[in-house]
Amino acid sequence: MKKVLVLLLALTMTLSLAACGSSSESSENSSAQENTPSEPEASFEGKWVFVGGEMDGEPMTLTYLSYCKDYVLSIDGDRAELGPAGQENVYTFTKDDDKNAKISSNDILTILDDGTLQLVEESDGKSMMLLFAREGSDAVKAFEEAYLAEVHKYDPPTVEEKVVYDNNDIKVTLTGMDSDQYSITFNVTVENNRTSGDVSVTPMYVVINGIQMQSYAENEGFVDQGINETKWTVYRNSLEAAGINEIVSIETDVNVYYSNRSEQTGLLELYSNGKQPQTSAFDGTVLYETDKAKVVYLGYKKNGILGTPEVYYYVENNTASYMSIQDNYFKTDTDDSIWGSYINLNPGSRAVGVLRFYYSADPAEISMDFMMYIEGNYITTERFTTTVR
């Protein structure tokens, strides 16, 4: 069983490094519902199917759930088989009493009052809990439905192919959108017919349901001569931080760089279904507020995709000018490092920002302030310190 925990931890590390490489986005767990076991409630014998779990006392992120969703546990006499269906590993099963048992030496099995089977392992200071239910039970069906709903929560709408820029021998076409459990992706074709010089095409702004999101361009937007297929990405943890449950509108402002100059298209509507967008109330600790701007600390939590710690903040620009904000000071009691955040805001716009920690971070206290550029002036918010565990 220790192999399972090691693989899950390695999976998180791999995803964290991938996010770092792309300049980097929940989530949340699906737990078992009422179970109707086909075997006597206190019997370990038979086939059990994964229906949820926890890592270090926190609900499993969507990444962990995706990894574990095909796990089965089969028990027959003193033999236990555990792993993805068709790839199970064999362990020794030892029964302590009607509701408590072990597989291997330190993996504890407990039949809970609702008939589900809990498996707990602790190793190297990390803990993991897997929850199983009888094959074919209501709990298995409920988990499958909840898991699929979460995976497809941000399935993008059908967006018609649209030319968003066509000038100076550069043509930019949005060809469609995709999504997975990590992000929403804009598929973009850039036709670069210029004979020399660097060309870069990036989303200056991506606005979903009226909230500006941090976005990332493949290869920082740089393209070769000829036809290029590239991608722009918005991580779904940003949508979750904004309280978005359904995408009702998408806008973007495209920045095209060539010959040491930049051109912006202005805000273009890509999609709208006419519904009123529902977002968070953005309640939190106000770090700065005037008639010109507002900055709110929204909170600290584990990334629902990668499992890494993050700080979320909200900012609104109430001026008729462009505004920018970035982290100016950030300190933890354990000297953890972060990937910084820099946001440009359109006049009258709102945005959600994310400060991402590296994978190993586990702070108890964080301190921060932000620097803004508003109407020609640099302004620093008051320093804020809070306990996070």
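Worth saying up front: this structure is predicted, and the values here are computed from it rather than measured.

All right, on to the overall build of the protein chain then. Helices and strands together make up the secondary structure of the protein chain, namely four helices and 30 strands. Classification of the 389 residues of the protein chain by burial places 50% in the buried group. In the structure as shown, the protein chain presents an accessible area of about 17,700 Å², 43% of it carried by carbon and sulfur atoms.

Quick look at the confidence of the model for the protein chain now. Looking at the protein chain, pLDDT values average 86 and 87% of them are 70 or higher. Confidence drops under pLDDT 50 across residues 5-41; counting only partners more than four residues distant or on other chains, this segment forms 102 contacts.

Taking 1.5 Å of rise per residue, the 14 residues of helix α3 (residues 138-151) would be expected to cover 20 Å, and the 20 Å separating its terminal C-alpha atoms lies within 8% of that figure. When we look at burial in α3, the residues that qualify are Ala139, Val140, Ala142, Phe143, Tyr147, Glu150 and Val151. Down the axis of α3, the buried set is contained in an arc of 160 degrees. They therefore lie on one face. Along α3, the residues that are exposed and aim more than 90 degrees away from the buried face are Glu145 and Ala149.

A few words now on the nonpolar core. One finds Ile170, Val172, Phe186, Val201 and Leu239 to be the most contacted residues of the largest nonpolar core, which totals 38 residues. The contact partners of Val172, leaving out residues within four places of it in the chain, are Lys162, Val163, Val164, Tyr165, Val188, Thr189, Val190 and Val201.

The five strands are arranged β10-β11-β12-β17-β15 in an open sheet whose pairing can be described as antiparallel. Each edge of the open sheet carries a strand with a single partner, namely β10 (162-167) and β15 (216-217). Inspection of the sheet shows β10 paired to strand β11 (residues 170-179) by five bridges, in the antiparallel sense. In the sheet register, Tyr165 faces β11, and the bridge partner there is Val172.

The next thing to look at is the pattern of salt bridges. Close approach of charged atoms allows side chains of opposite charge to pair. Under the criterion given, the structure shown has 14 salt bridges. Across the pair Lys102 and Asp96 runs a salt bridge, and its minimum N-O distance is 3.2 Å. Given the relative accessible area of 26%, Lys102 is considered partly exposed. Asp96 sits in the partly exposed class, given a relative accessible area of 45%. Among the salt bridges present, the one from Glu375 reaches Lys292, with a minimum N-O distance of 2.8 Å. You can see Glu375 sitting in the loop between β28 (365-374) and β29 (377-380) and its partner Lys292 sitting in the loop between β21 (285-289) and β22 (293-302), a full 83 residues away along the chain. By relative accessible area, which is 39% here, Glu375 ends up partly exposed. Connected through salt bridges with shared partners, the residues Glu150, Arg236 and Glu240 form a single ionic network.

The next thing to look at is the packing of aromatic side chains. Taken as a whole and assessed by the stated rule, the structure comprises 12 aromatic pairs. Judged by centre distance (4.1 Å) and plane angle (10 degrees), the rings of Phe282 and Tyr314 are stacked. Pair noted here: Phe282 is in the loop between β20 (268-272) and β21 and Tyr314 is in strand β23 (residues 309-317), with a separation of 32 residues, a long-range link. Comparing Phe282 with Tyr314 shows no difference in burial state: the two are buried. Measuring from ring centre to ring centre gives 5.9 Å for Tyr300 and Phe357, while their planes differ by 80 degrees; the resulting arrangement is edge-to-face.

Once that is clear, we can look at the pairing of strand β26 (residues 342-345). Going residue by residue along β26, you find Ile343 and Leu345 tucked away on one face and Tyr342 and Asn344 left uncovered on the opposite face. Here strand β24 (residues 323-332) runs beside β26; their pairing, made up of four bridges, is antiparallel. Across the sheet, the residue bridging to Ser324 is Asn344, located in β26.

By the alternation rule, side chains of strand β6 (residues 100-103) split into Ala101 and Ile103, which are all buried, and Asn100 and Lys102, of which none is buried. As paired elements, strand β5 (residues 89-95) and β6 share three bridges and run antiparallel to each other. Along β6, the bridge assignment pairs Phe93 with Ile103. Between β5 and β6, which pair antiparallel in sequence order, lie four residues. Note: β6 against strand β7 (residues 107-111), four bridges, orientation antiparallel.

A word on the side chain of Arg236. Within the fold, Arg236 resides in helix α4 (residues 236-241). Reaching out from Arg236, the side chain makes a polar contact with the backbone oxygen of Glu150 at a distance of 3.0 Å.

Right, let's talk about the environment of Tyr71 for a bit. If you trace the backbone, Tyr71 turns up in strand β3 (residues 71-76). Classification of Tyr71 as buried rests on a relative accessible area of 3%.

The backbone of Ser259 shows a phi angle near 45 degrees, a positive value even though the residue is not glycine. As for its position among the elements, Ser259 is in the loop between β18 (249-258) and β19 (261-264). Even without glycine at this site, Asn260 takes up a positive phi of about 60 degrees. Assignment of secondary structure puts Asn260 in the loop between β18 and β19.

Structurally, Arg261 is set in strand β19. For the pair Arg261 and Val199, spaced 62 residues apart in the sequence, the C-alpha separation amounts to 9.8 Å.

About the cut-offs
- Residues numbered from 1 in each chain as written.
- Predicted model: local features only at pLDDT ≥ 70, side-chain atom pairs only at ≥ 80, totals over all residues.
- Heavy atoms only, no water.
- Helix = DSSP H or I, 4+ residues; strand = E, 2+ residues; numbered from the N terminus.
- Buried < 20%, exposed > 50% of the residue type's maximum accessible area, 1.4 Å probe, protein only.
- Areas by Shrake-Rupley, 256 points an atom, 1.4 Å probe, with all protein chains shown as cover.
- pLDDT = per-residue confidence, 0-100.
- Contact = heavy atoms within 4.5 Å.
- Expected span 1.5 Å × (residues − 1).
- Arc of directions from axis to C-beta.
- Core = buried A, V, L, I, M, F, W, Y, C linked by side-chain atoms within 4.5 Å.
- Pairing = 2+ DSSP bridges.
- Salt bridge = Lys/Arg side-chain N within 4 Å of Asp/Glu carboxyl O.
- Phe/Tyr/Trp six-rings, centres within 6.5 Å; stacked < 30°, edge-to-face > 60°.
- Polar contact = N/O pair within 3.5 Å; in protein donor to acceptor, adjacent residues only side chain to side chain.

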